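Coordinate inspection notes
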Amino acid sequence: MPVSRLCSTPTAVYKANSALRVEHVKMRLGWGWGIFDMEAPIPPREQGRTLAPLRRMERQYASIQYMRGGAAMTILVVHSFMPVFDPIRNLGSVISLFFLISGFLVIAITSDATRPHRFLLARIRRIVPLYWILTGLAAILLWGGVSWQSPIPFWYIYSYDPPLPWRFITASLAFVPAWNQGAGTIQPVIPAGWTVNLEMLYYAIFALLLYLPRRWLMPVLTMAISMLALIGIFNRPDQLALWAWTHPIGLDFLIGAWIGHAWQTHGNMWRVLGWCSLSVMTVLLLRAIMGHFDPVIFAALFGPLFGVLFVAVIRAEEVGAGIRAARLPMLIGNASYAIYLMQFVVMLMLDLAGVPHGLGFGLAEFTLTILSGIAVHMLMEEPLLRLMGRKPIGSSG
């Protein structure tokens, strides 16, 4: 089959010799550049199964970017205005959508020929540089002898007693759960980074499982992540790292992965979502019968709910329901990671500037976080991604 028949987009590079080989396929989707390294020969009978899901991912799904941007903006609204309107905290459940999207993407942008180390390096390039830079900036702001406590009366209090211990900063940079003595809880320097810590754990697990035959990937992934989540639901450990890693929100990531599997194999996403939802509801019902229903367990409940939204908009876009890539919403979606991390830095700067807590503080935080998040994305995040992506195609790694 001629190479030109397989893909006509400039973002995909194919190489043909005695047997068809795909060196790299790059696409802009979800959390950034997904890199696929397929240097092993693909027999003709395997070409359709291996390349079909990649051809579906050649375009950027506007609906995914809209959901990412919407989730980031909702979290920003919650953190900005909850001090003056406490019921808005309930919107914080949208964090489950982040995990669902991540679970979907790790399946959708990989195939049976994806190299594990390539996948993990792509995630590291996308997540680590900006996280390290903003964590360092936050640590510097907190290092200057400022004892700071957030105006947000959330599930935990963001509180810091200077100077920050080096062990705490190092653990945050390594995505290892850390104990914040000032707040008396587990959180990194950037408090919202608890979700990034979990994402990195799930990516590491997924990368290891890529060594398995593809048919074993979903069953073993289900066993691994559901085991962690079930431990957190039924008997959450007291040990620091295990307490953080057994968060029930892992089930949301798993639901997204199963939806991604159905999407990639042209299965029925609604049916898969139904079975996943039934399983989660059964687990939560058993936990409720046992009593002592920890509110954090509700994180697993929102996966099925946001799964309905996710499948609906993905299907709507695929059947041509008019979801178009508008410039501003797409920009916010692309900048959602920067916006999500920048909020804490903006809160620190406003507090250090002496802005009184209240509605004005929230309005300033909301506005400045959006503007600074977009600026960081365009002036720092994208240049860093381009710089780290200048590796010649076909080079070994």
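If you're wondering where the values come from, they're calculated on a predicted model, not measured in any experiment.

**Some details on the overall build of the protein**
- Per the secondary structure count, the protein includes 15 helices and seven strands.
- For the protein, the residues scored as buried account for 52% of the 397 residues in total.
- When the accessible surface of the protein is totalled, it reaches about 17500 Å², and 67% of it is carbon and sulfur.

**Overview of the pattern of salt bridges**
- Under the counting rule described, the total for this entry stands at two salt bridges.
- Notably, a salt bridge pairs Arg-89 with Asp-86, separated by 2.6 Å at the nearest N-O pair.
- Residue classification places Asp-86 among the partly exposed residues on the basis of a relative accessible area of 34%.
- As a salt-bridge pair, Glu-381 and Arg-126 come within 2.3 Å of each other at their nearest N and O atoms. With Glu-381 in helix α15 (residues 359-388) and Arg-126 in helix α5 (residues 116-143), this pair connects stretches of sequence that are 255 residues apart. Both residues of the pair, Glu-381 and Arg-126, count as buried.

**What about helix α10 (residues 250-264)?**
- Taking 1.5 Å of rise per residue, the 15 residues of α10 would be expected to cover 21 Å, and the 21 Å separating its terminal C-alpha atoms lies within 8% of that figure.
- Of all 15 residues that make up α10, 13 are buried, and the element is covered over most of its length.
- Among the residues trailing α10, His-266 stands out with phi positive, at a value near 60°.

**Section: the packing of aromatic side chains**
- Per the stated rule, a full pass over the model turns up 10 aromatic pairs.
- Note on Phe-104 and Phe-310: the rings are 4.9 Å apart at their centroids and 65° apart in plane angle, and the pair reads as edge-to-face. Pair noted here: Phe-104 is in helix α4 (residues 95-108) and Phe-310 is in helix α12 (residues 302-318), with a separation of 206 residues, a long-range link.
- The class of Phe-104 is buried, set by a relative accessible area of 2%.
- Taking relative accessible area as the criterion, Phe-310 reaches 0% and is therefore assigned buried.

**A closer look at the confidence of the model for the protein**
- Taken residue by residue, the protein gives an average pLDDT of 79. The fraction at 70 or more is 76%.
- Of all secondary-structure elements in the protein, the lowest mean pLDDT belongs to helix α1 (residues 3-6), at 30, while helix α7 (residues 194-209) reaches the highest, 96.
- Across residues 1-51, where pLDDT falls below 50, the model places 120 contacts with residues more than four positions away in sequence or in other chains.
- Within the model, pLDDT remains below 50 along residues 390-397, and this stretch shows 15 contacts once partners closer than five positions in the same chain are excluded.

**Let's talk about α12**
- Helix length check: α12 (17 residues) gives 24 Å between terminal C-alpha atoms against 24 Å at 1.5 Å per residue, within 8%.
- Listing the buried residues of α12 in full gives Gly-303, Pro-304, Phe-306, Gly-307, Phe-310, Val-311, Ile-314 and Glu-317. Seen from one end, α12 has its buried residues packed into an arc of 160°, which puts them on one side.

Rules used throughout
- Residues numbered from 1 in each chain as written.
- Predicted model: local features only at pLDDT ≥ 70, side-chain atom pairs only at ≥ 80, totals over all residues.
- Heavy atoms only, no water.
- Helix = DSSP H or I, 4+ residues; strand = E, 2+ residues; numbered from the N terminus.
- Buried < 20%, exposed > 50% of the residue type's maximum accessible area, 1.4 Å probe, protein only.
- Areas by Shrake-Rupley, 256 points an atom, 1.4 Å probe, with all protein chains shown as cover.
- Salt bridge = Lys/Arg side-chain N within 4 Å of Asp/Glu carboxyl O.
- Expected span 1.5 Å × (residues − 1).
- Phe/Tyr/Trp six-rings, centres within 6.5 Å; stacked < 30°, edge-to-face > 60°.
- pLDDT = per-residue confidence, 0-100.
- Contact = heavy atoms within 4.5 Å.
- Arc of directions from axis to C-beta.

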